[in-house]
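# Structure assessment
Each chain, letter by letter, is given below.
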Number of protein chains: 2
Amino acid sequence: MTILTRPILEINLDNLIANYKLLQQIAPKAEAAAVVKDDAYGIGAVLVAQTLYEQAKCRCFFVAHGVEGAKIRKVVPDARIFVLQGIGEDSLEDFVSARLIPVISSPQMFEFWKQHRISGIKPAIQIETGLNRLGFREADLTQMSKEDLYEFSVVLSHLACADEKDHFMNQHQLDMFVYLKDTYFPKSEATLSASDGTFLGQDYQFDIVRLGAAMYGINTAPYRENQMMPVVKVQAPVLEIASLPKGEFVGYSATYRATSNRKIAIVSIGYGDGIPRSLSNTGKVFFNMCDKLHEARILGRISMDNIICDVTDIDNLQTGDMADIISEYYTLDDIARDAQTISYEVLSRLGKNPRYLRKIKYPENSGNF
Amino acid sequence: MTILTRPILEINLDNLIANYKLLQQIAPKAEAAAVVKDDAYGIGAVLVAQTLYEQAKCRCFFVAHGVEGAKIRKVVPDARIFVLQGIGEDSLEDFVSARLIPVISSPQMFEFWKQHRISGIKPAIQIETGLNRLGFREADLTQMSKEDLYEFSVVLSHLACADEKDHFMNQHQLDMFVYLKDTYFPKSEATLSASDGTFLGQDYQFDIVRLGAAMYGINTAPYRENQMMPVVKVQAPVLEIASLPKGEFVGYSATYRATSNRKIAIVSIGYGDGIPRSLSNTGKVFFNMCDKLHEARILGRISMDNIICDVTDIDNLQTGDMADIISEYYTLDDIARDAQTISYEVLSRLGKNPRYLRKIKYPENSGNF
């Protein structure tokens, strides 16, 4: 009899490196940049950046905020670090101290840049091609001098629907990007695609591809089978096994009622650990016992610290046995589908939780850094 | 013209203390314990525990995991710290070093405790009264010796439906709790209620009330107006303002299409900062300009770092202006309703994000700790 209480978050850096290298092969002519914003989607930006820098020669990184760039600088000393949300008064210091490259996304931000230029740094520019998010519109570009336009080392845009191979927006945005780039930034490096766009083929890859979600194991090309290896795995121990008599309720607001006698397991993980509460009464967990795989559906509402699941048909289950919460049987993509969101949001929530027992699988030759 | 890029999370410790004291008044005969599990619902367990210990004489805390208890021990040196998920092999060290009190929830865990008793610590016991989550069932209690039963200093259970004043489960669980307590633990302290149960009245308050959500500003008694003060506020800067011509799409998967010419603002916050992606196309943000309040609805999908909103009718809006994301106009409870979840989950996600600029409003006499 084992008693365990803590959920476990396992991070496989070998698979991270393998995914990065596979994506490099898919875009052989582009520089493979690693997107480590949002603390590397929760996995840990310093850990991911250092791994890719030391083990895969990655020399180009993207973050969202200056503060995120400053955090990784020491582990990627001579890499380019681009900051997607750009530069402002609340991040200027980080840009100076960590030699970050702002992605300038509006004429106003460009004015700010001109007042605070950092010597030796050539900024990137974001242009709008259809997402209607950040970026210069063509009307803005026509207002700029040749000298202004020459200031940008890199021109960047972002696709809206690249996870759908045949979406009309892809070609539309590609055409717009090529036109704006050729017209206004003929000498700049160009980058259009994140992971999903990279899979659309060489036309979309340009000089730099920005690899995030796929590198972390998410299927960003859902029209075909996932080629990526899983980078995170989540498990949690069974804290208790109990009988649930017919007619009794389970969990908050009594949303599940047993229509027959059941056996339930209380698993020590909840939405406090980033498991979407929208999996209540719809998600499942798995038990891999003696090489036999058992599915146990989630009963009632997920609470902050616990999930209750139906283990009526699983013999020999004991406290201390580990439930597979995110695994090869129930991937980030499966969870996202059942939770009615996207894998990116699921992943982003997981790694930020300090109470996980973190197990990191380091590459063999790394000396654990 | 101001350029700002970072979202801001403001934590008001004065309001936290005021909420704690108000709840104390609502349960004048019970000890008011503070629930600081899940890193104090993301607000920061060390910060909250220290504040309540030093400024409000709180001497009793609840966490979920041993590792959480160990983190706060140094700031609450002589307080009781109860651990709701109990004790196991993976947390034993934390219990010993930080003198934590396990809440034992199964006969198996009690066996573990008997093998690893920590001198000077009297454990609590959790009993099941209808939630069908963790806890001893009566059948388990009948198997225990008098000596075993006397070992527990505190008997604990948890209500399933306490946010609904007239739910039949409340009285049912109360009766069951009183019966089990009187029969098996006549000399132990008793605790049944979290914030929501505390509002059900003195019958539900017993010796200890466990204050979490309400103390953090959530309305746990939604059948009446919220009496709690807000503890968190979230703001994010407008990064860019742009025209959205009729017919154009917004955001990933092009889920919003403009039926007339609109003006949009791109606000520098997203689901990476814990804003639920399920607010896409349904939530809103607010702008408080010259004391006039403007509502701006969210257009298209929320992305990891940005929200796009409709500001067509807001004159004079500029980059660098702050959008109120969570505020008195659009509370945690409002967000939860629009995101189809509960305030607890919304709050729990916010504070874990390291890229927020955190602004903490310390009590005046605290010397900022």
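Summary of the structure given here.

## Comments concerning the interface of chain B and chain A
The interface of chain B with chain A comprises 78 residues on the first partner and 78 residues on the second. Both sides together, the interface formed by chain B and chain A hides about 6600 Å², and carbon and sulfur atoms give 53% of it. Counting the contacts that link chain B with chain A gives eight salt bridges. One salt bridge in this structure joins Asp305(B) and Lys37(A), with 2.7 Å as the shortest N-O distance. Across the chain B-chain A interface, the total number found is 42 residue pairs in polar contact (both at pLDDT 80 or more). Elements that contribute at least two residues to the side of chain B that touches chain A include exactly helix H2 (37–41), helix H4 (66–72), helix H6 (107–115), helix H9 (168–184), strand S10 (232–244), strand S11 (249–250), strand S13 (262–267) and helix H12 (343–350) of chain B. The dominant element in the side of chain B that touches chain A, judged by the number of residues it contributes, is S10(B), at five residues.

## Topic: the pairing of strand S1 (residues 8–12) of chain A
Residues and elements named next belong to chain A. Among the five residues that make up S1, four are buried, leaving the element largely enclosed by the rest of the structure. Note that S1 and strand S18 (residues 357–361) share five bridges and pair parallel. Residue pairing in the sheet places Ile11 in a bridge with Ile360 of S18. In this sheet, strand S10 (residues 232–244) lies alongside S1 in antiparallel orientation, the contact comprising four bridges. If you follow Glu10 over to S10, its bridge partner there is Lys233.

## Side note on the pattern of salt bridges
Tallied over the full model, the rule gives 38 salt bridges over all chains. As a salt-bridge pair, Lys361(B) and Asp14(B) come within 3.0 Å of each other at their nearest N and O atoms. Within this pair, whereas Lys361(B) is found in strand S18 (residues 357–361), its partner Asp14(B) is found in helix H1 (residues 13–26), the two being separated by 347 residues in sequence. Note that Arg117(B) is salt-bridged to Glu151(B), the shortest N-O span being 2.6 Å. Pair noted here: Arg117(B) is in the loop between H6 and strand S6 (124–126) and Glu151(B) is in the loop between helix H8 (146–150) and strand S7 (154–156), with a separation of 34 residues, a long-range link. In the salt-bridge network here, residues are joined through shared partners; they are Lys37(A), Glu68(A), Asp273(B), Asp305(B) and Arg355(B).

What counts, and where the lines are drawn
Residues numbered from 1 in each chain as written. Chains lettered and ligands numbered in written order. Predicted model: local features only at pLDDT ≥ 70, side-chain atom pairs only at ≥ 80, totals over all residues. Heavy atoms only, no water. Contact = heavy atoms within 4.5 Å. Buried area = accessible area lost by both parts, 1.4 Å probe. Salt bridge = Lys/Arg side-chain N within 4 Å of Asp/Glu carboxyl O. Polar contact = N/O pair within 3.5 Å; in protein donor to acceptor, adjacent residues only side chain to side chain. Helix = DSSP H or I, 4+ residues; strand = E, 2+ residues; numbered from the N terminus. Buried < 20%, exposed > 50% of the residue type's maximum accessible area, 1.4 Å probe, protein only. Pairing = 2+ DSSP bridges.

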